[in-house]
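# Summary of structural features
As a plain string of letters, each chain reads:
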Amino acid sequence: MQAHEPGLFFRLYHGRTSPDEEMEQWGTDGPTFGPLKYVHAAYFSTMQIGFEDGERVSLPIVGDLILWDGVYYGDFEVLTTTKRNVRGRLIQWWKGDWCW
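Read on for a plain summary of the structure. (Residues numbered from 1 in each chain as written. Predicted model: local features only at pLDDT ≥ 70, side-chain atom pairs only at ≥ 80, totals over all residues. Heavy atoms only, no water.)

### Some words on the pairing of strand β3 (residues 46-51)
What counts, and what does not: Two strands pair under a simple rule: DSSP has to find at least two bridges between them. To qualify as a helix, a DSSP run of H or I must reach at least 4 residues; to qualify as a strand, a run of E must reach at least 2; elements of each kind are numbered from the N terminus.
The pairing of strand β2 (residues 32-42) with β3 spans six bridges and is classified as antiparallel. In the strand pairing of β3, A42 is matched with T46. What sits between the antiparallel neighbours β2 and β3 is a turn of three residues, in which Y43 has the positive phi angle 55°. Once β3 ends, the chain turns through four residues before running back antiparallel as strand β4 (residues 56-62), passing G54 with a positive phi of about 100°.

Shown next as structure tokens:
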């Protein structure tokens, strides 16, 4: 297992390729962004995430879905992690450095 940074993370899941797609299964797992300084939503029109290095990313919200890289995600979670509570999972964030 590679070393990783503990901190705040934002994870997308339950993805689909169209906002109108009828879901009979769980959908695709999305990326995990982090480590972060913050996650912010204003009027649930965009999700703003701020990385610890100062970079910011805006994720548009279409209806009740979060759009990232052509995939619409119906669920998200904000979580904290430390080296002790990762339990062998390897985390990847959108810059391509790590993977679940």
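### Digging into the pairing of strand β6 (residues 71-81)
Direction of pairing for strand β1 (residues 7-16) relative to β6: antiparallel, over a ladder of nine bridges. Opposite F9, over in β6, you have L79 as the bridge partner. As paired elements, strand β5 (residues 65-68) and β6 share three bridges and run antiparallel to each other. Paired with L67 across the strands is Y72, a residue of β6. Where β5 hands over to β6, the hairpin turn is made up of two residues, of which D69 adopts a positive phi near 55°.

### Quick notes on the sheet that holds β1
One key point about sheets: their strands pair by backbone hydrogen bonds, in either a parallel or an antiparallel sense. Put simply, the test is: Lines are fitted to the C-alpha atoms to define the axes, a helix being fitted only along its stretch in contact, and any angle between axes, read from their N-to-C directions, falls within 0 to 180 degrees.
Strand order in the closed barrel formed by six strands is β1-β2-β3-β4-β5-β6, with antiparallel pairing between adjacent strands. Each strand axis lies, on average, 50° off the axis of its neighbour in the sheet, ignoring direction. When β4 meets β5, the two strands line up antiparallel, connected through two bridges. Paired with I61 across the bridge in β5 is I66.

### So, a negative patch on the surface
The condition is simple: Each patch is assembled from residues with relative accessible area greater than 30% and no salt bridge, linking like charges that lie within 9 Å and nonpolar side chains (Val, Leu, Ile, Met, Phe, Trp, Tyr) that lie within 5 Å. Only the protein chains shown count as cover for residues, with accessible areas throughout obtained via the Shrake-Rupley method and a probe of 1.4 Å. The term salt bridge refers to a side-chain nitrogen of Lys or Arg lying within 4 Å of a carboxyl oxygen of Asp or Glu. Here the positive residues are Lys and Arg and the negative ones are Asp and Glu; neither His nor the chain ends is included. Here the site of a charge means NZ on Lys, CZ on Arg, CG on Asp, or CD on Glu. Exposed residues in this analysis have more than 50% of their type's maximum accessible area, buried residues have under 20%, and partly exposed residues fall in between, with area computed by a 1.4 Å probe over protein chains only.
A cluster of like negative charges, contributed by D20, E21, E22 and E24, occupies part of the molecular surface. Relative to the helices and strands, E22 resides in the loop between β1 and β2. Under the relative-accessibility criterion, E22 is labelled exposed at 70%.

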